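# Tertiary structure, described
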Amino acid sequence: MKILISGASVAGPVLAYWLHRYGFEPTVVERTPAMRHGLGGHAVDLFGPGAEVARRMGRWDAIEAARTRIESMTIERFGKRPVHVDLSRLYAGISGSHVEILRGELTKILYDATRAGTEYVFGDSIATLHDDGSGVDVTFESGDECRFDLVIGADGMHSAVRRLAFGPEESMRRPLGGYLAVFSMPDVLDLGDGMVAHFSVDRIVAGYGVHQTGQTRAGFLFRTPHELRYDYRDKDEQKALLAKEFRDYGWKAPLLLEHLPAAEDFYFDSISQITLDTWQRGRIGLVGDAGFCPAPAVGGGTSLAVVTAYILAGELAAARSDLPSGLRNYERTVRRMVDLSRAIGPKVMRTLIPGSPTALKLMPFAAAAVPKLPTPVQRFIWSQNAVGKALSSVPLPDYSDLTRVPRAA
């Protein structure tokens with residue numbers, strides 16, 4: 001059976017890997033003209049059951065080897081003494097299996113794991129979908145046409161599949177009031193493998209080293225009282241918006257922004273959630289950020305995407321002859337995990353970006369204090385917070401008896 005997956009970032013390749021293992025014929029279509037560079041994108045976290053899925057794919061060692069290696073952070077504030085945070089102890093307190101990795105690096109590892117058993121089509125995207133009950137007729141923007149047994153949208157927060165099959169994005173996007181921007185630049189701050197961050201009310205400016213390239217990744221987080229209007233595909237417009245927001249910030253922000261015009265891997269988006277009542281309609285389904293983005297930078301979305309893609313593939317394999325039933329079973333299985341994940345973003349937004357002078361004063365010391373707690377205490381705290389509860393809410397199923405093709409070497 002032929003399954004079309006839109007999106008080659010994280011959820012798409014994970015889904016393709018397992019579908020191939022279960023005997024399906026996956027095709028992945030990706031709008032970008034070529035595989036993303038392995039060192040692009042912002043840093044993301046993979047932990048808990050997401051790490052276990054990577055192990056079952058035989059890719060955990062490669063993912064660990066590609067980790068960011070950032071072990072310390074210095075928090076600076078206007079007119080105050082810097083605060084130092086031991087990130088290595090903080091990560092150890094999150095999980096025994098935790099990796100921070102550049103999103104592009106993770107994407108490349110997943111692509112390499114799947115390309116032998118998956119057809120990838122780059123530089124194209126889905127233009128129309130027609131589900132007649134027994135299959136889905138797809139027209140691509142290139143003009144090509146093809147019929148598939150199932151179509152899955154794994155194409156992120158601005159999903160084309162979701163727009164075509166479920167309706168306009170505006171009706172299901174919930175802004176949390178914040179924005180994230182990231183881009184690469186020379187290591188003018190001499191960070192090496194370190195990280196420095198500067199906090200003010202409603203603003204964070206940060207830089208962290210990329211050991212593979214010797215560059216710095218500059219990051220900007222900010223909160224606004226009103227939603228900003230911009231074209232999410234117009235990078236020049238977004239760069240101008242970011243420069244305007246931070247033109248009077250001070251600290252090292254002007255030095256970082258000098259490198260903004262030349263940045264080729266610039267990322268900018270709102271910190272928003274995608275909220276739908278259902279992620280399946282006939283023979284069309286959604287997974288990862290396309291269906292239930294918990295919000296970039298604040299919601300554990302990468303691990304959620306990996307786990308839900310794994311479960312989706314398993315439920316489709318279990319249903320086999322009735323793929324719409326597999327989509328419904330997948331939705332029932334991950335529902336609690338997704339519902340709990342939706343509670344994460346608003347809580348993190350209230351604490352991550354200081355919203356008042358009092359929060360600005362207290363937050364750095366809280367960040368420095370947590371890693372000093374004994375690891376078992378940290379892990380207990382982590383298991384009780386929203387992200388920990390969400391990812392542990394569904395035991396990771398074992399679908400190994402459904403495998404129909406030998407595991408790739």
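Residues numbered from 1 in each chain as written. Predicted model: local features only at pLDDT ≥ 70, side-chain atom pairs only at ≥ 80, totals over all residues. Heavy atoms only, no water.

## Notes on the overall build of the protein chain
The number of helices and strands found in the protein chain is 15 helices and 18 strands. Here the C-alpha atoms of the protein chain give a radius of gyration of 21 Å, agreeing with the 22 Å that 2.2 N^0.38 yields for 409 residues. The buried share among the 409 residues of the protein chain stands at 55%. Long-range contacts, defined here as pairs at least 24 residues apart, represent 73% of the contacts in the protein chain between residues at least 6 apart. Put simply, the protein chain shows about 17200 Å² of open surface, and 52% of that area lies on carbon and sulfur atoms. For the protein chain, the distance from the average position of its 47 positive side-chain charges to the average position of its 47 negative side-chain charges is 7 Å. (Helix = DSSP H or I, 4+ residues; strand = E, 2+ residues; numbered from the N terminus. Rg over C-alpha atoms; globule rule 2.2 N^0.38 Å. Buried < 20%, exposed > 50% of the residue type's maximum accessible area, 1.4 Å probe, protein only. Contact = heavy atoms within 4.5 Å. Areas by Shrake-Rupley, 256 points an atom, 1.4 Å probe, with all protein chains shown as cover. Lys, Arg positive; Asp, Glu negative; His and termini not counted. Charge placed at Lys NZ, Arg CZ, Asp CG, Glu CD.)

## What to know about the sheet that holds strand E14 (residues 203–210)
Here seven strands make up an open sheet; going across it, the order is E5-E4-E13-E14-E15-E12-E16 and the pairing mixed. Since the sheet does not close on itself, it has two edges, and those belong to strand E5 (83–86) and strand E16 (267–274), each with one partner. Between one strand and the next, the sheet's axes are offset by a mean angle of 20°, whatever the strand orientation. Bridge count for strand E12 (residues 173–186) against strand E15 (residues 215–223) is nine bridges, and the pairing is antiparallel. For Ser184, the partnering residue across the bridge sits in E15 and is Arg217. (Pairing = 2+ DSSP bridges. Axes fitted to C-alpha atoms, helices over the stretch in contact; angles between N-to-C directions.)

## Looking at the side chain of Gln280
Summarising the element assignment, Gln280 is placed in strand E17 (residues 280–281). Residue class for Gln280 comes out buried when judged on its relative accessible area of 16%. Among residues more than four places away in sequence, those in contact with Gln280 are Phe166, Gly285, Leu327, Arg328 and Glu331.

## Notes on the side chain of Thr27
Looking at the secondary structure, you find Thr27 in strand E2 (residues 25–30). At a separation of 3.4 Å, a polar atom in the side chain of Thr27 contacts the side chain of Glu119. Discounting residues that sit within four places of it in the chain, Thr27 has contacts with Ile3, Leu4, Ile5, Thr118, Glu119, Val121 and Phe148. (Polar contact = N/O pair within 3.5 Å; in protein donor to acceptor, adjacent residues only side chain to side chain.)

## Observations concerning helix H2 (residues 49–56)
Where H2 is concerned, the buried positions are Pro49, Gly50, Ala51, Val53 and Ala54. Following H2 by one or two positions, Gly58 adopts a phi angle in the positive range, close to 75°.

## Re the pairing of strand E8 (residues 126–131)
With five bridges joining them, E8 and strand E9 (residues 136–140) adopt antiparallel strand pairing. Bridging across to E9, Asp131 finds its partner in Val136. As consecutive antiparallel partners, E8 and E9 are separated by four residues, and within that stretch Gly133 has a phi angle of approximately 100°, a positive value.

## A look at the packing of aromatic side chains
One pass over the full model with this rule turns up 19 aromatic pairs. Note on Phe183 and Phe266: the rings are 6.4 Å apart at their centroids and 40° apart in plane angle, and the pair reads as tilted. With Phe183 in strand E12 and Phe266 in the loop between helix H8 (253–257) and E16, this residue pair connects regions lying 83 residues apart in the sequence. Residue class for Phe183 comes out buried when judged on its relative accessible area of 0%. Arranged with centres 5.5 Å apart and planes meeting at 55°, the rings of Tyr310 and Tyr399 form a pair that is tilted. Of this pair, Tyr310 sits in helix H10 (residues 301–319) while Tyr399 sits in the segment after helix H15 (386–391); the two residues are 89 residues apart in sequence, bridging distant segments of the chain. Since its relative accessible area comes to 2%, Tyr310 is described here as buried. (Phe/Tyr/Trp six-rings, centres within 6.5 Å; stacked < 30°, edge-to-face > 60°.)

## Considering the pairing of strand E13 (residues 195–200)
Counting buried positions over the six residues of E13 gives five, a clear majority of the element. One ladder, built from five bridges, connects strand E4 (residues 72–77) with E13; its direction is parallel. Within E13, the position partnered with Glu76 by the bridge is His198. Here E13 runs beside E14; their pairing, made up of six bridges, is antiparallel. Within the sheet, the bridge partner assigned to Met195 lies in E14 and is Tyr208.

## Some words on H10
The first and last C-alpha atoms of H10 sit 26 Å apart over 19 residues, in line with the 27 Å expected at 1.5 Å per residue. Where burial is concerned, most of H10 is hidden: 18 out of the 19 residues are buried. (Expected span 1.5 Å × (residues − 1).)

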